[in-house]
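Structure assessment
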Amino acid sequence: MDKVTSERIQTLHPLIRDEVKQIIKECDKALTGRAKIRITQGLRSFEEQERLYAIGRLTSGKKVTNAKAGQSIHNYGLAVDICMITDGKTVSWDTAKDWDNDQVADWYECVKIFAGHGWDWGGNWKTFKDLPHFEKKNIPSGKDLIKITWKTLLKMPRDQQNYILF
């Protein structure tokens, strides 16, 4: 796991940090070629979300999100975006590339690992596909799983570090 990924994990909700570390380890183990996974985005402030939402609406560029501030799971530290880093330096979002020549695109090896941990992938969305995006929608609480949406998260109490209390 590279330093950038490790730092971004530390911004995620404390409940999922260890799970994300495990997912990254599993991805890196599965990717035996030149590519490794990097988290490009974790926790995102409401201000950052508003700036992203403005792209293609109030500022020039192609729309990058349909989520306003508070409507992204990133705003609660429960989502990550990824890329591949090849040879330790080149960034790639190529979902078809198979750097380890095992007949499975490296990206989809990671998609499968995230899914195995119960994460939703933005590539499965019907309208606004977000291939780099993964989010945790079922949070363990005691013996139960809590299904979350941005609408439920927006109303939930927070701790002193501003993380949702489950």
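Look up: the structure comes first, before these words.
Residues numbered from 1 in each chain as written. Predicted model: local features only at pLDDT ≥ 70, side-chain atom pairs only at ≥ 80, totals over all residues. Heavy atoms only, no water.

1. Some thoughts on the packing of aromatic side chains
Note the following rule: Note on aromatic pairs: the rings of Phe, Tyr and Trp (six-membered ring only in Trp) are paired at centre separations within 6.5 Å, and the planes decide the class, stacked below 30 degrees, edge-to-face beyond 60, tilted for the rest. Secondary structure elements follow DSSP: runs of H or I of four or more residues count as helices, runs of E of two or more count as strands, with numbering from the N terminus. Relative accessibility decides the category of a residue: with a 1.4 Å probe and only protein chains considered, values under 20% of the type maximum give buried, values over 50% give exposed, and everything between is partly exposed.
Considering all chains together, one arrives at five aromatic pairs under this definition. Note on F46 and Y76: the rings are 6.3 Å apart at their centroids and 80° apart in plane angle, and the pair reads as edge-to-face. Here F46, found in helix α3 (residues 46-54), pairs with Y76, found in the loop between α3 and β2 (79-86); they are 30 residues apart in sequence, far enough to count as distant. On the accessibility criterion, F46 (29% relative accessible area) is partly exposed. Exposure remark for Y76: the relative accessible area of 1% places this residue in the buried category. Pairing Y108 with W121 gives two aromatic rings, centres 5.6 Å apart and planes at 90°, and the pair type is edge-to-face. Pair noted here: Y108 is in helix α4 (residues 106-116) and W121 is in strand β4 (residues 119-121), with a separation of 13 residues, a long-range link.

2. What to know about helix α2 (residues 17-30)
Which entries qualify depends on this criterion: Multiplying 1.5 Å by the helix residue count minus one yields the expected span of that helix. The arc in question is traced by the directions running from the helix axis to the C-beta atoms. Any pair of residues with heavy atoms lying within 4.5 Å of one another is described as a contacting pair.
Compared with the 20 Å implied by 1.5 Å per residue over 14 residues, the 20 Å span of α2 between its first and last C-alpha is a close match. Among the residues of α2, R17, V20, I23, I24, C27 and D28 are the ones counted as buried. Each buried residue of α2 lies within a common arc of 130° when the element is viewed along its axis, so the set occupies one face. Of the exposed residues in α2, those oriented more than 90 degrees away from the buried face are D18, K25 and K29. Tucked inside the fold, the buried residues of α2 contact α1 (3-9), β1 (35-41), α4 and β4.

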